[in-house]
Amino acid sequence: MKKKDFDVIVVGAGPAGLSAAYVLAKAGVDVIIIERGKFPGSKNVMGGIFYREPMDDLIPDFYKEAPVERHIIEQRMWLLDDVSHFSMGIKTQKHNSEPYNCFSVFRAHFDKWFAKKVVEAGALLINETVVTDPIVEDGKVVGVKTDRPQGDLYADCVIAADGVQSFLARSLGLRKKITPDKVALGVKEVIGLSEEQINDRFGVKSDDEGVTIEMTGPFLKGMEGMGWIYTNKNSLSIGIGVIIDDLVKHNVNPNDLLESLKSHPSVLPLIEGGETKEYLAHVIPEGGYKSIPKMYTDGFMVAGDAAMLVDSVHREGSNLAVESGKLAARTYLEAREAGDFSERMLSKYQEKLEDTFVLKDLKFYRNLPELLEEKRYLLTEYPQFIIDAMTEIYTVDGVPKPDKFKKIKEELKDRFGYVRLAKDIYTIWRKLR
Amino acid sequence: MHFLVFIKQVPDAAQVRVDYETGTLIREGVPAIINPFDKHAIEAAVRLRDQFGGKVSVLCMGPPMAEEALKEAMSMGADDAYLLSDRIFAGSDTLATSYALWAAANHIIKQTGPVDIFFAGKQAIDGDTAQTGPGIATRFNVPLITYVIDIRKVDPEKKTIEVVRLVESGQEVIEAPMPCFLTVEEELNKLSYAPLPYLIRAAKTPVTVLNSKNTEIDPSFCGLKNSPTKVKKAFTPPKRERGEIIEGETLDEILNKLYEKIEPVLKEMGKV
Amino acid sequence: MIKQDISKYKHIWVFIEHDNKEIARVSFELLSKARELAKDLGCEVHAFTVGEKVEQFAEEVFKYGAKKFFIIEDPFLKDYITEPYRDSIVYMIEKYKPEIVLIGATTLGRDLAGTIATVLQTGLTADTTGLDIDPKTKNLLMTRPTFGGNLMATIFCPDNRPQMSTSRPGVYKAIEEPVKGEIIREKFKFDKAKYTKKILEKIIEEGEKVNLGFYDIIVSGGFGMGSKENMKLVQELAEVLGGTWAASRKAVQAGWAPQTRQVGQTGQTVHPKIYIACGISGAIQHQAGMKSSEIIIAINKDPDAPIFEIATYGIVGDVLEVLPKMIQMFKEKLGKA
Ligand SMILES: Cc1cc2nc3c(=O)[nH]c(=O)nc-3n(C[C@H](O)[C@H](O)[C@H](O)COP(=O)(O)OP(=O)(O)OC[C@H]3O[C@@H](n4cnc5c(N)ncnc54)[C@H](O)[C@@H]3O)c2cc1C
Ligand SMILES: Cc1cc2nc3c(=O)[nH]c(=O)nc-3n(C[C@H](O)[C@H](O)[C@H](O)COP(=O)(O)OP(=O)(O)OC[C@H]3O[C@@H](n4cnc5c(N)ncnc54)[C@H](O)[C@@H]3O)c2cc1C
Ligand SMILES: Nc1ncnc2c1ncn2[C@@H]1O[C@H](COP(=O)(O)O)[C@@H](O)[C@H]1O
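Residues numbered from 1 in each chain as written. Chains lettered and ligands numbered in written order. Predicted model: local features only at pLDDT ≥ 70, side-chain atom pairs only at ≥ 80, totals over all residues. Heavy atoms only, no water.

Asker: Go over the interface of chain B and chain C, please, and point to the residues and values.
Answerer: Facing the 86 residues of chain B at the interface are 97 residues of chain C. Here chain B and chain C share an interface that buries about 7,700 Å² over both sides, 59% of which is from carbon and sulfur atoms. Counting the surface chain B buries against chain C, the share from its top three residues, Glu168, Arg240 and Lys271 of chain B, is 10%. Our count for the chain B to chain C interface comes out at six salt bridges. Asp111 of chain C is paired through a salt bridge with Arg165 of chain B; the nearest N and O atoms lie 3.6 Å apart. Linking chain B with chain C are 28 residue pairs in polar contact (both at pLDDT 80 or more). (Contact = heavy atoms within 4.5 Å. Buried area = accessible area lost by both parts, 1.4 Å probe. Salt bridge = Lys/Arg side-chain N within 4 Å of Asp/Glu carboxyl O. Polar contact = N/O pair within 3.5 Å; in protein donor to acceptor, adjacent residues only side chain to side chain.)

In structure tokens, the structure reads:
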């Protein structure tokens, strides 16, 4: 008889794995989740904005119970050079009433809570255990090996939600080792401040209301990356993520980069006087649509970061993880119905994902990585121009406004030339179509 | 054989810091762990169970969150876990705690059979009293062996045990009949990496919750009110200021400066 | 809780810890401290012990001011075994009803005190470092470190007697104040069949004293010492200073020192007058065991090592250079060259 300990083994208790296990447990499937950390979330770094939408469908009104920090009512986007920032953003009361749009969270708390729900739903959670290898028999995945004594486990299906490095997907040949141009290194600090200080500095009324700031521009000296500040209840998460290749090429140490972000004149007043409570570093897959592997094989599916599902433009990841975990689980349920866990059957998983925002969003931006690779100046010269232009317009120095606009126009022509400008706009429009 | 291990959940003392302004401990965000000594007690019991058969029960008195400690104990290989949790125990000193644990252990024994070896840690790292184990042993009226660093022999036929314990002048090899009560040092064993089936069993097995209603514990011996010792006040010891780095051109100069600084103390001690 | 008529209890009793040959130093320290307390209470200090041959200690005990010495001598008490010691001591305490019972917080004392207090159904405060009398209530106020020395608690025992405490060695000064004392010999009938625990063997580690708390100077070596061989420098300096040596956990784990010499959260807590940390980084778990030393001298080549945060005096340098010089210097200064 075929060996079988569980119906499904989920590897990794991040948002992807927990979502998959939740759906399965609710459907009465005998599911085990293996997590290498001391508890779910203990190894997690995410900056952390967690989106309500895909999660709400799993556990309705989850945010009323889950340990979220603040709901986000304002999202700012800053273009940063060394001395200025140009700000855009949206603050809306539409995001200030239930069911809210997104939340700042500490993954160490949030994942732990989510895991509790998953266990209550009937899944078995095993912590402090590392999955070392898939067990493959007759070309099919039939289980996993762990680093524990007597550590082999067999199941109908394995769902790999083991994060960006996904050892499982790699060792099955579904994914290649990620190259340094496809991943960003994120470094982050949590800085403690009082609730009142945060409310004052970010212009919100209560400790429930939160703000995010995302930062890019010439400050990064042409490296592809983004900095961020998120408000928690009584701390700020501040971090910066840069494509590893760029860090190497520019010979910068990410810690130094974070330090210089922290001392930026626009950032410093926000964090001043705060005490650094923790420091963390982690990689984020940013290869986009084109780096997405085949997400299934016989008896095996990949979800979340493990399948490179991160939307780096909108710094979304956890929501893609939740959605993909859910769909992997639903595909398993169909497969179980049919008694067929073959590659052909499980391919429906990827088809389903194609129909959701997950792959549609990523597809939309599919050419962006290459575009930025090719035209690095998009990240430096244009933002710098915008900053300079705004500075010019807002500087009162006796120069009449018409002259100022004329000057800006000339600058535009000097710096880029109309032909190149038109070309760039056309390229961006085409690539994002 | 039946082994019963008393385990306590404690804040990780290494991460507890002092708020010198309020004179209190900052416990926020400090993880709760199984008292390190107790882990070695669990390990010892599990190894004996694996060698001689039988089962390991673990008992912890504490708030509901102490269930985590018991789950971890089961992950290490314990078979049954009991959480003694009830408001009436709040504020118990060691006399009241040892009463409650003794009474709860009696309840377990009634349900599941007599115990051959009781285990406790040498001391808990929060209170550092080292009194609870001896207190329970005394109530059971079984031989008490403290500071155990080695279990040399267990003879299930003759019902005897031979252990090595630490004393001021070295070590003692002790023979005692079972049942007996051991409080253990960290040196007793090295914690092993538990096999996966233990973890799975732990995840599947619920913790039995005991309280004043489902046991025969007499509330008039429990809790703050019935504890003979009371805390009058708690305060933080004065903060240690950062001292001085002694500098100088040569090492000799540095050492001479150091000597001058400590000479009065050496004199006072009669060293000079 | 069993209520008692506490008015029947009088006088302070100090347990005389011994190995049938010699009295443990902490017993003298406690006798000396007890005299202070007795003044506040207007009562007497008494000593008590049991053993095979204990009358021999009377003279010394009286030298430290005990007015009475309660003893039980019995060949059965040749070695310290918890249960017969407990039963014979409990017998005396129940008969004479002291108000306060002080026992040294040694391994023996802590083994014994917990079981006695349980039989007597009274409160016991562990490992205290401060003893005072509440001027109003006349209760004994017992202060002790918890959470690895991070928090101090003052504890009292208002409704039960005796008020019991184990007290750390080395906290109080042993000061002689001879009196003419009286020996009170008691007998206890041991039901020998009841005592089933036996000592098969005693392994005396010559010079391997376990209780670091006895020493007012401790030289401690950490992983920065580099090897077991280099640990000899630590031992030598300790010897020159007339103290003892200890180690960090990492040094113990490396096999450079026995666990019995480990200082820290999972080792011993010490508070000597001088603690010299050699090649020890000063991890919080290590600090937990030595932070309350009066003077901390740290030698470390890393100027940012956390040990310097708490060191009274720091020397930034290589232990292998500093220690030999230091040994030589102290030899000269202390006239041991
Ligand atoms: C600095 C940073 C900031 C971010 N900010 C945001 C943000 O604001 N909003 C957002 O939506 N997303 C953000 N992301 C992305 C987001 O964190 C991820 O997309 C999301 O966590 C993916 O979830 P997952 O479940 O796929 O993987 P993970 O959350 O990485 O979970 C994988 C789990 O698997 C475990 N594991 C790995 N290997 C093994 C093994 N062999 N055996 C057992 N267990 C294993 C890990 O311990 C981990 O718990 C950020 C990421 C980073 C690094
Ligand atoms: C639950 C738990 C309990 C623990 N309990 C204890 C405990 O009871 N006691 C304890 O000590 N630890 C304990 N630890 C371990 C503790 O965290 C540290 O790991 C340990 O104290 C480090 O020992 P160390 O300072 O000797 O070694 P390290 O941290 O490796 O430090 C060595 C130091 O030596 C210095 N150094 C190196 N070479 C030289 C040289 N040539 N000259 C001068 N300086 C040099 C280095 O700069 C460094 O600062 C515990 C840990 C845990 C998790
Ligand atoms: N609340 C508790 N629940 C279970 N065991 C305990 C509890 N408190 C103390 N113990 C046991 O007694 C030992 C000594 O604790 P303490 O006397 O507090 O130093 C611990 O190592 C545990 O084995």
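Asker: Lay out the domain arrangement of chain A in plain terms, naming residues and giving numbers.
Answerer: Residue and element names in this part refer to chain A. Segmentation of chain A into domains returns domain 1 (6–67 + 106–175 + 293–355), domain 2 (181–285) and domain 3 (369–431). Averaged C-alpha coordinates put domain 1 and domain 2 at centres separated by 29 Å. Counting residues at the interface gives 14 residues for domain 1 and 17 residues for domain 2. Glu214 is paired through a salt bridge with Arg315; the nearest N and O atoms lie 2.6 Å apart. At the junction of domain 1 and domain 2, the tally comes to two residue pairs in polar contact (both at pLDDT 80 or more). For the side of domain 1 that touches domain 2, the class distribution of residues is eight nonpolar, four polar and two charged. (Domains from an automatic or database assignment. Nonpolar A, V, L, I, M, F, W, Y, C, P; charged D, E, K, R; others polar.)

Asker: Now, about the packing of helix H3 (residues 82–96) of chain C against helix H4 (residues 107–120) of chain C: what can you tell me, with residues and values included?
Answerer: All names here are of chain C. Between H3 and H4, the shortest axis-to-axis distance is 9 Å and the interhelical angle comes to 50 degrees. The angle between H3 and H4 falls in the class oblique. Crossing of H3 against H4: the hand is right-handed. Here Thr82, Tyr85, Arg86, Ile89, Val90, Ile93 and Glu94 of H3 come into contact with H4, specifically with Asp111, Leu112, Thr115, Ile116, Val119 and Leu120. Considered class by class, the residues forming the contact of H3 with H4 number eight nonpolar, two polar and three charged. (Axes fitted to C-alpha atoms, helices over the stretch in contact; angles between N-to-C directions. Helix = DSSP H or I, 4+ residues; strand = E, 2+ residues; numbered from the N terminus. Parallel < 35°, antiparallel > 145°, perpendicular 65-115°, else oblique. Left-handed = near helix turned anticlockwise from the far one by under 90°.)

Asker: Now, about the domain arrangement of chain C: what can you tell me, with residues and values included?
Answerer: Residues and elements named next belong to chain C. Under the domain assignment, chain C is made up of domain 1 (6–194) and domain 2 (212–333). Taking only C-alpha atoms into account, the centre of domain 1 sits 33 Å from that of domain 2. A combined buried area of about 630 Å² lies between domain 1 and domain 2, and 54% of that area is made up of carbon and sulfur atoms. When the area that domain 1 buries against domain 2 is broken down by residue, the three leading residues are Gly148, Arg168 and Pro169, summing to 55%. Summed over the shared surface of domain 1 and domain 2, the number is zero salt bridges. Joining domain 1 to domain 2, the criterion identifies zero residue pairs in polar contact (both at pLDDT 80 or more). Class assignment for the residues of the side of domain 1 that touches domain 2 results in two nonpolar, four polar and one charged.

Asker: Give me the site of ligand 2: which residues, what numbers.
Answerer: All names here are of chain C. The environment of ligand 2 is made up of 24 residues, and the closest members are Phe223, Ser248, Lys250, Ser281 and Gln285. Within the side chain of Lys250, one N or O atom sits 2.7 Å away from an oxygen atom of ligand 2. Here an oxygen atom of ligand 2 sits 2.7 Å away from a polar atom, N or O, in the side chain of Ser281. The protein chains hide 79% of the 990 Å² of surface that ligand 2 would expose on its own. Those elements that place two or more of their residues in the shell around ligand 2 are helix H6 (249–253) and helix H7 (284–290). Classifying every residue of the shell around ligand 2 by side-chain character gives five nonpolar, 14 polar and five charged. (Near = heavy atom within 4 Å. Areas by Shrake-Rupley, 256 points an atom, 1.4 Å probe, with all protein chains shown as cover.)

Asker: Describe the arrangement of the chains, and please don't skip the residues or the numbers.
Answerer: The pair of protein chains exhibiting the most contacts, out of two pairs of chains in contact, is chains B and C. Nowhere do chain A and chain C come into contact; their C-alpha atoms are at least 17 Å apart.

Asker: Tell me about empty space enclosed by the protein, and please be specific about residues and values.
Answerer: Applying the stated criterion across every chain, the model contains six cavities of 30 Å³ or more. Going through the elements one at a time, H4 and H7 of chain C are the ones with two or more residues in the lining of the largest cavity. Taken together, the residues that form the lining of the largest cavity break down as ten nonpolar, 18 polar and seven charged. Lining the second largest cavity are 13 residues, and of these Thr94, Leu95 and Gln131 of chain B together with Gly114 and Thr118 of chain C lie nearest its centre. In terms of residue class, the lining of the second largest cavity is made up of three nonpolar, nine polar and one charged. (1 Å grid on protein atoms, 1.4 Å probe; cavity = no way out; pocket = protein on both sides within 12 Å on 5 of 7 lines; lining within 4 Å. Points joined across faces, edges and corners; volume = space filled by probe spheres on them.)

Asker: Report on the site of ligand 1, specifying residues and quantitative values.
Answerer: All names here are of chain A. Of all residues adjacent to ligand 1, which total 35 residues, the nearest are Glu35, Ile49, Arg107, Asp305 and Ser318. Separating a nitrogen atom of ligand 1 from a backbone N or O atom of Val131 is a distance of 2.9 Å. Taking Asp305, its side chain carries an N or O atom lying 2.6 Å from an oxygen atom of ligand 1. Protein contact buries 95% of the 1,000 Å² of open area that ligand 1 shows by itself. Secondary-structure elements contributing two or more residues to the shell around ligand 1 are helix H1 (15–26), strand E3 (49–51), strand E13 (225–231), strand E15 (275–285) and helix H9 (318–338). The greatest single-element share of the shell around ligand 1, amounting to three residues, is contributed by E15. By residue class, the composition of the shell around ligand 1 is 17 nonpolar, eleven polar and seven charged. For the shell around ligand 1, the domains that each give at least three residues are domain 1 (6–67 + 106–175 + 293–355) and domain 2 (181–285).

Asker: Tell me about the sheet that holds strand E16 (residues 313–316) of chain C, and please be specific about residues and values.
Answerer: Taken together, the six strands give an open sheet; going across it, the order is E15(B)-E16(C)-E15(C)-E14(C)-E12(C)-E13(C), and neighbouring strands pair in parallel fashion. The open sheet is flanked by strand E15 (244–245) of chain B together with strand E13 (244–247) of chain C, the only strands paired with a single partner. Both strand E15 (residues 295–300) of chain C and E16 of chain C contribute to a ladder of four bridges, which runs parallel. Directly across from Asn300 of chain C, in E16 of chain C, lies its bridge partner Val316 of chain C. Packed onto the sheet, helix H6 (residues 251–268) of chain B meets E15 of chain B together with strand E12 (217–221), strand E14 (274–278), E15 and E16 of chain C and runs at close to 155 degrees relative to E16 of chain C. Against the sheet, helix H5 (residues 231–240) of chain C touches E12, E13 and E14 of chain C, its axis set at about 145 degrees to E13 of chain C. (Pairing = 2+ DSSP bridges.)

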